[in-house]
Amino acid sequence: MLTTTKVNQQTKTEVETELVSDIPHKRIGLLGGTFNPPHLAHLIIAEQVCTQLGLDRVDFMPDFQPPHVDTKQAIKAEHRVAMVKRAVIGNPNFGVELAEIKRGGKSYSYDTIVTLKKEHPENQYYFIIGADMVAYLPKWYRIAELAKLVQFVGVKRPGVKVHSAYPILWVDTPEIDVSSTLIRQKIAKHHSIRYLVPDSVCEYIEENKLYGKK
């Protein structure tokens, strides 16, 4: 009887270990931002990081209320999310993560990663940031703890030093001088934004008369 109990206990342990090992571990990139609006430079960066680092995918993660940006300049989250969803259609390397939108309030990266790791313990996260943002990492909310939870990926830019007190994986991407600010300015001046954003995003902006589009 004792022998049978021991065998049963051992079998249960082996089964549990086997089940844990069967959980697919994925390497997920996170490209956060206001995406006001999303543009081709966002897509190029995500594609380059995904393929160069061999990630399973890159999730675009719109923020609800960025703690370091003047939120008065950002349109409603529902529009930004809709544009991001349109922008990533057709690329199997891309996804959309709405954790910050669902949570609401200020979008602190630490809170987001804690939530994601609880919901998806099988995932290893790669947090993508521009080289210019690397210098601001010491000012990020609970940065020391955040750095232990994710692998930061820095996107190199000309003239910006690739140095940080935190571990950074650096990736080279084509230099595309396009920003959401530039696009909003062009729309305000009634200039074309074709080839600066995906056609589907351009259509959405026109359909919903965003950024003063008439």
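Per chain, residue numbering runs from 1 following the sequence as it is written. It should be noted that, the model being predicted, local features are given only for residues of pLDDT at least 70 and side-chain atom pairs only at 80 or more, the latter also being counted only at that level, while totals for whole chains, interfaces and linings use all residues. The side-chain numbers reported here are obtained from all heavy atoms of the structure, hydrogens and water having been left aside.

1. A look at the overall build of the protein chain
Here's step 1: Within the protein chain, the secondary structure is distributed over nine helices and six strands.
Here's step 2: Exposure classes here rest on a 1.4 Å probe applied to the protein chains alone. A residue is buried below 20% of its type maximum, exposed above 50%, and partly exposed in between. Looking at the protein chain residue by residue over its 214 residues, the buried ones come to 41%.
Here's step 3: Approximately 12,500 Å² of the protein chain is accessible, and the part contributed by carbon and sulfur atoms is 53%. Runs of H or I in DSSP of at least four residues are treated as helices and runs of E of at least two as strands, each being numbered from the N terminus. Reported accessibility uses the Shrake-Rupley method at a 1.4 Å probe radius. Residues are deemed covered only where the shown protein chains occlude them.

2. Some words on helix 2 (residues 40-53)
At 3.6 residues per turn, the α-helix brings residues three or four places apart onto the same side.
Here's step 1: Here the expected span of a helix is defined as 1.5 Å times the quantity of residues minus one. Between its terminal C-alpha atoms helix 2 stretches 20 Å, which fits the 20 Å expected from 14 residues at 1.5 Å a residue.
Here's step 2: Within helix 2, burial applies to Ala-41, His-42, Leu-43, Ile-45, Ala-46, Val-49, Cys-50 and Leu-53.
Here's step 3: Just beyond helix 2, the residue with positive phi is Gly-54, at close to 65°.

3. Remarks on the side chain of Asp-63
Here's step 1: With respect to the helices, strands and loops of the structure, Asp-63 is situated in the loop between strand 2 (57-62) and helix 3 (77-88).
Here's step 2: In the analysis that follows, any N or O atom pair within 3.5 Å is treated as a polar contact, provided that within protein one partner can donate a hydrogen and the other can accept it, and provided that, for residues neighboring in sequence, both atoms belong to side chains. Looking at Asp-63, its side chain comes within polar contact range of the side chain of Thr-34, at 3.3 Å.
Here's step 3: Residue contacts are counted whenever heavy atoms from the two residues lie within 4.5 Å of one another. If we skip the residues at most four places from it in the chain, Asp-63 touches Gly-33, Thr-34, Arg-80, Glu-100, Ile-101 and Ser-107.

4. Some remarks on the pairing of strand 5 (residues 151-155)
Here's step 1: Along strand 5, four of the five residues are buried, which leaves the element largely enclosed by surrounding structure.
Here's step 2: Two strands are counted as paired when DSSP detects at least two bridges linking them. Two elements, strand 4 (residues 123-130) and strand 5, share five bridges in a ladder whose sense is parallel. Bridge assignment links Gly-130 to a residue of strand 5, and that residue is Val-155.
Here's step 3: Taken together, the four bridges between strand 5 and strand 6 (residues 168-171) define a ladder with parallel strand orientation. Pairing of Phe-152 across the sheet is with Ile-168, part of strand 6.

5. Some details on the pattern of salt bridges
Here's step 1: By salt bridge we mean one thing: a side-chain nitrogen of Lys or Arg within 4 Å of a carboxyl oxygen of Asp or Glu. In total, this model carries six salt bridges according to the counting rule given.
Here's step 2: Between Lys-156 and Asp-172 there is a salt bridge, and its shortest N-O distance comes to 3.7 Å. Taken together, the positions of Lys-156 in the loop between strand 5 and strand 6 and Asp-172 in the loop between strand 6 and helix 8 (180-188) put the pair 16 residues apart, joining distant regions of the chain.
Here's step 3: Exposure remark for Asp-172: the relative accessible area of 48% places this residue in the partly exposed category.

6. Topic: the environment of Lys-161
Here's step 1: When you line up the elements, Lys-161 lands in the loop between strand 5 and strand 6.
Here's step 2: Put simply, Lys-161 and Val-134 are 27 residues apart on the chain and 9.2 Å apart in space, counted from C-alpha to C-alpha.

7. Observations concerning unusual backbone geometry
Here's step 1: Between Asn-36 and Pro-37 the backbone carries a cis peptide bond, its omega angle lying at 5°.
Here's step 2: Relative to the helices and strands, Pro-37 resides in the loop between strand 1 (26-33) and helix 2.
Here's step 3: Of note in this structure, His-190 is not a glycine but carries a positive phi near 65°.
Here's step 4: For His-190, the location among the structural elements is in the loop between helix 8 and helix 9 (199-207).

8. Considerations on the confidence of the model for the protein chain
Predicted coordinates in regions of low pLDDT should not be interpreted in detail.
Here's step 1: Within the protein chain, residue pLDDT values average 87, and 85% of them lie at 70 or more.
Here's step 2: Contacts from residues 1-20, a stretch scored under 50 in pLDDT, to residues over four places away or in other chains number one contact. You can read pLDDT as the predictor saying how much it trusts each residue, on a scale of 0 to 100.

9. Thoughts on the sheet that holds strand 4
Here's step 1: Sheet architecture is open: six strands sit in the order 3-2-1-4-5-6, paired in parallel fashion. A single partner strand is all that each edge strand has here, and the edge strands are strand 3 (94-96) and strand 6. Geometrically, the sheet is characterised by an average inter-axis angle of 30° between neighbouring strands, direction not taken into account.
Here's step 2: The strands touched by helix 2 within the sheet are strand 1, strand 2, strand 3, strand 4, strand 5 and strand 6, with strand 2 carrying the most contacts at an inclination of about 145°. Comment: axis = line fitted to C-alpha atoms, over the contacting stretch for helices; angle = value between 0 and 180 degrees taken between N-to-C directions.

10. Some thoughts on the environment of Gln-65
Here's step 1: Within the fold, Gln-65 resides in the loop between strand 2 and helix 3.
Here's step 2: C-alpha separation for the pair Gln-65 and Gly-105, spaced 40 residues apart in sequence, amounts to 5.9 Å.

11. Points about the side chain of Asn-123
Here's step 1: Examined against the element boundaries, Asn-123 turns out to sit in strand 4.
Here's step 2: The class for Asn-123 is buried, based on a relative accessible area of 8%.
Here's step 3: Side-chain polar atoms of Asn-123 contact the side chain of Tyr-125, separated by 3.1 Å.
Here's step 4: Filtering out sequence-adjacent residues up to four positions away, Asn-123 remains in contact with Lys-26, Ile-28 and Lys-117.

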